[in-house]
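Notes for the structure review
Each chain is listed here by its residues.
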Amino acid sequence: MVVANVIEAEVRAGQRFVGTVKPLRTSRIGSALDGRVLQFLVDEGQMIRKGQTLAQLATKTLEIEQAAATAEHQLALSRLAELEKGSRPEDIAEADAIMQAAKATAKNADSQLERMESLARGSASSLGELDDAKERADAAMFSLKATQALLKRIKEGPRKETIAQAKAQVELQKQKLELINDRLVKSTITAPFDGFVSAEFTEEGAWINRGDPIVEIIQMDEVEILAPVTVETVVGLRKGDAIRVEFPEIPNQILTGKVDRIVPVAAAQARTYPVYLRLKNKFKNETPMLLAGMLARVDVPVGQRIKLPLVPKDALVLNGKDRSVFVVDLDKKDNSINSGTGFVRKVAVELGVASDDRIQVIGEIKAGDFVVVEGNERLAPNSKVKIVVGKKSEK
């Protein structure tokens, strides 16, 4: 049998208060969008996991908008890429050819103007034709300058401002697409933590508005015990203090919680202070042992410290309202508890307050005794056992 020694320490006596089990977290999960419930996938009381889908809204319209926004984004990207690459060699060659033609036209117009000026010196009838030649020469020069400017602009490529505008258009289309993608993600409503569905607020086919509740979820892997404590007792409590907790519905379980927080405001009529304990829950077939709303008996340390024996929690044998431990008496021929044999006797005890992982006991037991902490549920009084301290031994 695995045994542990009984120690004696100064602890305060306990005062009992009645508390209530509360979920560690309670959350109403709402919809971030307007829409129709396509699927409602959970039932009240069902255990769920973080990230599990609770409900699915219809997304056909969003999918169409997503496809359109994706196409617009790709078009904006293509336009930007085209601008960033600059002018194509073919465009430059075409503009250069147009400029060369304009040069030839301007040169020809200048030549014709010179001839008309020579003819016009001795003939008044040629003055009208000279004016026409000047206009053609001026038009050819303006056309040449225009084609030269066009060629220069094509060679230099798009302006920085034009590229910046194209980049802004790409970013705008990207954000529009992100917005639609975000709405698609939000159309699938998922659980934010492990827990249980405690209430349903919709069903398949129903229309919901943004902010409407879908389900309520409670977290039960840890629970809180809310106990109203009198001012005389609460002043001696500190965050982290170990508190023994019992539940009338499960008399064969003794649990130890820790003070999580103390609300420093008294209830108006009762003049008690809310004290919250936190303790781990246990599960069997996905059903929590501690249920929200259960009553808890909380033994809070109070008063002066006195020396009392303490045993490990695992030494306690629980049978309904009966509490007992098995004390080991060594064989007279064995001098060491580490490798000896002995007989066990069953000692009825009353429980006091908790201190770390030990429980205060009152009964025919004293400091220095050894109690069985493993295998005690199989023992009968006066059984002979082989003992090894600190590791498993055998009967």
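Residues numbered from 1 in each chain as written. Predicted model: local features only at pLDDT ≥ 70, side-chain atom pairs only at ≥ 80, totals over all residues. Heavy atoms only, no water.

Section: the pattern of salt bridges
This is how it is decided: A pairing counts as a salt bridge when a side-chain nitrogen of Lys or Arg comes within 4 Å of a carboxyl oxygen of Asp or Glu. By definition, any uninterrupted DSSP run of H or I lasting at least four residues is a helix, any uninterrupted run of E lasting at least two residues is a strand, and each is numbered from the N terminus. Burial classes follow relative accessibility: with a 1.4 Å probe on protein chains only, a residue under 20% of its type's maximum area counts as buried, one over 50% as exposed, and anything between as partly exposed.
The full count for this structure, using the stated rule, is 15 salt bridges. Ionic pairing is found between Arg261 and Asp260, a salt bridge with its closest N-O pair at 3.0 Å. Arg278 is paired through a salt bridge with Asp260; the nearest N and O atoms lie 3.8 Å apart. On the criterion of sequence distance, the pair formed by Arg278 in strand β12 (residues 272-280) and Asp260 in strand β11 (residues 254-262) is long-range, its members being 18 residues apart. For Asp260, a relative accessible area of 19% corresponds to the buried category.

Quick look at the nonpolar core
Across soluble globular proteins, nonpolar side chains have a tendency to be buried as a group. Inclusion rule: Buried Ala, Val, Leu, Ile, Met, Phe, Trp, Tyr and Cys residues form a nonpolar core when they are joined through side-chain atoms within 4.5 Å. Contacts between residues were defined by any pair of non-hydrogen atoms, one from each residue, lying within 4.5 Å.
Formed by 29 residues in total, the largest nonpolar core has its most connected members in Ile225, Phe247, Val275, Leu277, Leu290 and Val298. Contributions of two or more residues to this core are made by β2 (7-30), β9 (213-230), β10 (242-246), β11, β12 and β15 (295-312). Ile225 has contacts with Gly19, Thr20, Val21, Phe247, Val275, Tyr276, Leu277, Leu279, Ala296 and Val298, leaving out every residue within four places of it along the chain.

Structural notes on helix α1 (residues 60-85)
Threshold: The length a helix should cover is 1.5 Å for every residue beyond the first.
Its 26 residues give α1 an end-to-end C-alpha distance of 38 Å, which sits within 8% of 38 Å, the value for a rise of 1.5 Å per residue. Of the positions making up α1, those classed as buried are Leu62, Ala69, His73, Ala76 and Leu80. Each element contacted by the buried residues of α1 is listed here: α4 (160-186).

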